[in-house]
Amino acid sequence: MGERLLIVEDDEAIANILKEHLEKEGYEVNWSSSGKEGLEDFKKYEFALVMIDIMLPEMDGFTLCKNIRWINEDIPVMIVSAKQTDVDKVKGLKLGADDYITKPFSLIEVSARIEAHLRRYKKVDRESAINGILKFKKGLIIIPEEKKVTVNEKEIQMTIKEFELLSLMAQNPNKVFSKEELYHHIWESMDVEGNNTVTVHIKELREKIGDSSKNPTFIKTVWGVGYKFIGEKNV
């Protein structure tokens, strides 16, 4: 099989048409019927390209696109939607989509655009973007592929949620994440009551990596908003 593609589309008929067409062209295709399922699949497998509808249950396509960009800055993301306004197109592109195709679409055109994006993506060093080891001053090292964290060469035991929080913020240095965004991304839920969950996990995470909330080296509280990672990279 060829490269693995992810289609996130709640219309089963459209998804099946795309899936069947792309599989005939030699691609391996995963289909997710909701935004939440799409994010789960994206975290679980390695894809070469993602196609996203905007109107999705559980998590809309714009939010999914933003979440995917936090994980991987380089993977091609194509929005395929019936929404044809310039406002929607601009919003999608600003959130990190590489392309915007309106429905109804030509399968030949979709294939051509996919091939063009894959040619560009193959030139990117995916290993450094996806599996690269993150090293910071003060002895913090994050190894995403092994889900391992060390501080001054001592391995730190942490939960998967704590690791995902630290990894997400470290891969997006100086980006301010609201508690809602972190809860949405890590716990894959829109429930704003989860804000306290984020606070507790950040507190535990700080204690484990030896960070101070009053004089932080790695995780800084942005009062009234959320948190950002301020660790200085050890080049």
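Residues numbered from 1 in each chain as written. Predicted model: local features only at pLDDT ≥ 70, side-chain atom pairs only at ≥ 80, totals over all residues. Heavy atoms only, no water.

## Some remarks on the pattern of salt bridges
(1) Moving on: For the coordinates displayed, the defined rule picks out twelve salt bridges.
(2) Moving on: Note that Arg69 is salt-bridged to Asp98, the shortest N-O span being 2.9 Å. Of this pair, Arg69 sits in helix α3 (residues 61-71) while Asp98 sits in the loop between α4 (86-94) and β5 (99-102), placing them 29 residues apart in sequence.
(3) Moving on: Within this structure, Glu9, Asp53 and Lys103 form a network of salt bridges that share partners. (Salt bridge = Lys/Arg side-chain N within 4 Å of Asp/Glu carboxyl O. Helix = DSSP H or I, 4+ residues; strand = E, 2+ residues; numbered from the N terminus.)

## Structural notes on the environment of Phe62
(1) Moving on: Within the element layout of this structure, Phe62 appears in helix α3.
(2) Moving on: Look at Phe62 and you get buried, because its relative accessible area is 8%.
(3) Moving on: Considering only alpha carbons, one finds Phe62 and Ile186, 124 residues apart in sequence, at a separation of 17 Å.
(4) Moving on: Once residues lying within four places of it in the same chain are set aside, the contact partners of Phe62 are Ile54, Ile79, Asp88, Lys91, Gly92 and Leu95. (Buried < 20%, exposed > 50% of the residue type's maximum accessible area, 1.4 Å probe, protein only. Contact = heavy atoms within 4.5 Å.)

## Some thoughts on helix α1 (residues 12-24)
One turn of the α-helix equals 3.6 residues, which is why residues spaced by three or four share an orientation.
(1) Moving on: When the terminal C-alpha atoms of α1 are compared, their 18 Å separation across 13 residues agrees well with the 18 Å that a helix rising 1.5 Å per residue should span.
(2) Moving on: Among the residues of α1, those classed as buried are Ala15, Leu18, His21 and Leu22. Here the buried residues of α1 occupy an arc of 140° about the axis, which is enough to place them on one side.
(3) Moving on: Taken together, the buried residues of α1 touch β1 (4-8), β2 (28-32), β3 (49-52) and α5 (107-122).
(4) Moving on: One side-chain oxygen at the N-terminal end of α1 lies 3.0 Å from the backbone nitrogen of Ala13; it belongs to Asp11. (Expected span 1.5 Å × (residues − 1). Arc of directions from axis to C-beta. Polar contact = N/O pair within 3.5 Å; in protein donor to acceptor, adjacent residues only side chain to side chain.)

## A short note on the sheet that holds β1
(1) Moving on: What the five strands build is an open sheet, ordered β2-β1-β3-β4-β5; its pairing is parallel. Each edge of the open sheet carries a strand with a single partner, namely β2 and β5. Averaged over all pairs of adjacent strands, the angle between their axes in this sheet comes to 20°, without regard to strand direction.
(2) Moving on: Here β1 pairs with β2 via five bridges, running parallel. For Ile7, the partnering residue across the bridge sits in β2 and is Trp31.
(3) Moving on: Contacts from α3 reach β1, β3 and β4 (77-81), with the element oriented near 160° to β3. (Pairing = 2+ DSSP bridges. Axes fitted to C-alpha atoms, helices over the stretch in contact; angles between N-to-C directions.)

## A closer look at the packing of aromatic side chains
Two descriptors summarise a pair of aromatic rings, namely the distance from one centre to the other and the angle between the planes of the rings.
(1) Moving on: One pass over the full model with this rule turns up six aromatic pairs.
(2) Moving on: Considering the side-chain rings of Trp70 and Phe177, the 4.8 Å spacing of their centres and the 80° angle between planes classify their relative orientation as edge-to-face. Of the two residues, Trp70 is situated in helix α3 and Phe177 in strand β10 (residues 177-178); the sequence distance between them amounts to 107 residues. You'll find Trp70 and Phe177 in the same group, each marked buried.
(3) Moving on: Taken together, a centroid distance of 6.2 Å and an interplanar angle of 20° make the contact between Phe218 and Phe229 stacked. Residue Phe218 is found in the loop between α9 (195-209) and β11 (219-222), and its partner Phe229 is found in strand β12 (residues 226-229); the two are separated by eleven residues along the sequence. Neither Phe218 nor Phe229 differs from the other in exposure class; each is buried.
(4) Moving on: An aromatic cluster is present here, built from Phe42, Tyr45 and Phe47 joined pairwise through their rings. (Phe/Tyr/Trp six-rings, centres within 6.5 Å; stacked < 30°, edge-to-face > 60°.)

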